[in-house]
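Each chain is listed here by its residues.
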Amino acid sequence: IMSLVSEIRIRHFVLDHIKKLNLFGNEYKRDVLGEEFRRKAEPILTTTLKNLKLINEKVDNEVILDTAEEVYLLFNNGIASVSKDNVNLIPYKEFGKLVWKNQLIPHDFEYDESKISVFEQFSKNVCTNRIDGDLIFNQEKHNSLVSAIGYLLTRYKKGSEPKAIILTDESIVNSEEGGTGKSLFNEGIGKVRSMLEMDGQTFDLSSKFAFSDVELYHEIINIDDCDDNFNFKNLFHSLTGAMKVEKKNQNRFTIEANKSPKFCLSTNHVFKGVG
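Scoring rules and cut-offs
Residues numbered from 1 in each chain as written. Predicted model: local features only at pLDDT ≥ 70, side-chain atom pairs only at ≥ 80, totals over all residues. Heavy atoms only, no water. Phe/Tyr/Trp six-rings, centres within 6.5 Å; stacked < 30°, edge-to-face > 60°. Helix = DSSP H or I, 4+ residues; strand = E, 2+ residues; numbered from the N terminus. Buried < 20%, exposed > 50% of the residue type's maximum accessible area, 1.4 Å probe, protein only. Pairing = 2+ DSSP bridges. Axes fitted to C-alpha atoms, helices over the stretch in contact; angles between N-to-C directions. Left-handed = near helix turned anticlockwise from the far one by under 90°. Contact = heavy atoms within 4.5 Å. 1 Å grid on protein atoms, 1.4 Å probe; cavity = no way out; pocket = protein on both sides within 12 Å on 5 of 7 lines; lining within 4 Å. Points joined across faces, edges and corners; volume = space filled by probe spheres on them. Nonpolar A, V, L, I, M, F, W, Y, C, P; charged D, E, K, R; others polar. Salt bridge = Lys/Arg side-chain N within 4 Å of Asp/Glu carboxyl O.

### Quick look at the packing of aromatic side chains
Tallied over the full model, the rule gives ten aromatic pairs. When the centroid spacing of 5.1 Å and the interplanar angle of 40° are considered together, the rings of Phe230 and Phe271 count as tilted. Taken as a pair, Phe230 in the loop between β8 (220-226) and α8 (236-240) and Phe271 in the segment after β11 (262-267) lie far apart in primary sequence, 41 residues in all. Of the two residues examined, Phe230 and Phe271, each falls in the buried class. Considering the side-chain rings of Phe232 and Phe236, the 5.6 Å spacing of their centres and the 85° angle between planes classify their relative orientation as edge-to-face. Looking at Phe232, the relative accessible area reads 14%, which means it is buried.

Laid out in C-alpha cells, this is it:
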C-alpha cells in the first residue's frame with residue numbers, strides 16, 4: 001500500500017535516523033549532526049527532492065490497473081474483481097500488485113445479486129418521465145446512465161475514444177434548477193473512486209496551475225457547476241493526451257494518458273465550443 005510522502009515527513013525521518021546513530025557512543029557528535037541537519041535541511045531537501053522522480057518506473061509498472069475485461073475495486077477485505085460475467089473477491093496477498101492508500105474503500109465488500117442497492121434504486125428513480133401526472137420508468141435513460149456510471153468506475157481508458165461525462169438538466173434554462181440528482185450521482189461515484197472535486201465557477205483552464213491539486217492517485221476529476229463561460233474545447237488535450245500537472249514551487253510532472261484521471265462535469269448551461 002503506497003502513499004505520497006511530504007517534505008516534513010522526510011525531515012522527521014532523517015532526524016529520527018540521526019537520533020538512532022551510535023557514532024561510537026559519542027552523543028555530542030550525534031547532537032551536533034542533528035543540529036547541522038536542522039540548519040541546512042531546507043536547501044538540502046529542496047535540491048534533493050527536485051532531482052528525484054515522483055515515482056520510479058519500476059514501481060509505476062507494479063501499480064494495479066484495470067483492463068478492458070476486468071475492473072478492480074479496493075475494499076478492506078480484498079480486491080473485488082468485476083468482469084462482464086463474474087464478481088470475485090481476491091485477497092491482496094494473492095494479487096501481488098501495488099495500490100494507493102487514497103484509492104482504498106473503507107468498507108468490507110459483500111455481494112448479493114438478489115438485492116437492489118440504494119444507489120441502484122436512486123439511478124432508477126431519476127430515470128423517469130412524467131406522463132399524465134405519473135412518473136414512468138424510462139429504460140433508455142437508465143441504460144445511458146448506467147453506461148456513464150460504468151465508464152467512470154473503470155480506470156481503463158481506450159485511447160481512440162476519449163470521453164468526459166457531462167451531467168446536465170433535461171431542460172436547459174439559465175437558472176439554478178437543482179434537485180435532479182447531479183450532486184448525489186457524483187457523491188456516489190466518489191465513494192468508490194478517488195475523486196478530486198473542483199469548483200466549476202472558479203476553475204480556470206488557461207492557468208498553468210489549473211490541475212495543481214491533481215495527485216497520482218486521483219481517478220476522477222469532478223468539475224462541478226460549470227458556469228456559462230466554460231469552454232469545453234479547452235479540455236480536449238487533457239482528455240486525449242497526457243496530463244501535465246504543475247504545482248507552485250514544485251517540479252512539474254506528467255501523468256500518462258492511460259493513467260490520467262477521467263472527467264465528470266456538471267452544469268446548468270450549454271457548453272461553448274464544438275466537436
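Picking up after the structure, the text goes on.
### Observations concerning the sheet that holds strand β6 (residues 164-168)
The four strands are arranged β6-β11-β8-β7 in an open sheet whose pairing can be described as parallel. A single partner strand is all that each edge strand has here, and the edge strands are β6 and β7 (195-199). Strand-to-strand twist of the sheet, defined as the mean angle between neighbouring strand axes without regard to direction, takes the value 20°. By the bridge criterion, five bridges tie β6 to β11 in an arrangement that is parallel.

### A closer look at unusual backbone geometry
At Asp132, a residue that is not glycine, the phi angle is positive and equals roughly 50°. Along the chain, Asp132 falls in the loop between β4 (128-131) and β5 (134-137). Although it is not a glycine, Asp225 sits at a positive phi angle of roughly 60°.

### Observations regarding the packing of helix α6 (residues 139-153) against helix α7 (residues 182-192)
At a minimum axis distance of 10 Å, the contact between α6 and α7 shows a crossing angle of 35°. In terms of crossing hand, the pair formed by α6 and α7 is right-handed. The segment α6 lies against α7, with Leu145, Ile149, Leu152 and Leu153 engaging Phe185, Ile189 and Val192.

### Focus on the layout of surface pockets
Each pocket or cavity is described by its volume, and for the second largest pocket that value is around 1500 Å³. Lining the second largest pocket are 43 residues, with Leu4, Lys53, Leu54, Ile55 and Leu216 sitting closest to its centre. For the lining of the second largest pocket, the secondary structure elements donating two or more residues are α1 (7-20), α2 (27-50), α3 (57-60), β1 (71-75) and β10 (253-255). Take the lining of the second largest pocket: its biggest share by element is four residues, from α2. Looking at the lining of the second largest pocket residue by residue, the class counts come to 19 nonpolar, ten polar and 14 charged.

### Quick notes on the pattern of salt bridges
Tallying each qualifying case throughout the model produces twelve salt bridges. Between Glu219 and Arg193 there is a salt bridge whose closest N-O contact spans 3.0 Å. One end of the pair, Glu219, is in the loop between β7 and β8; the other, Arg193, is in the loop between α7 and β7, with 26 residues separating them in the sequence. Just as Glu219 is buried, Arg193 falls in that class too. Between Lys208 and Glu246 there is a salt bridge, with its nearest N and O atoms 3.9 Å apart.

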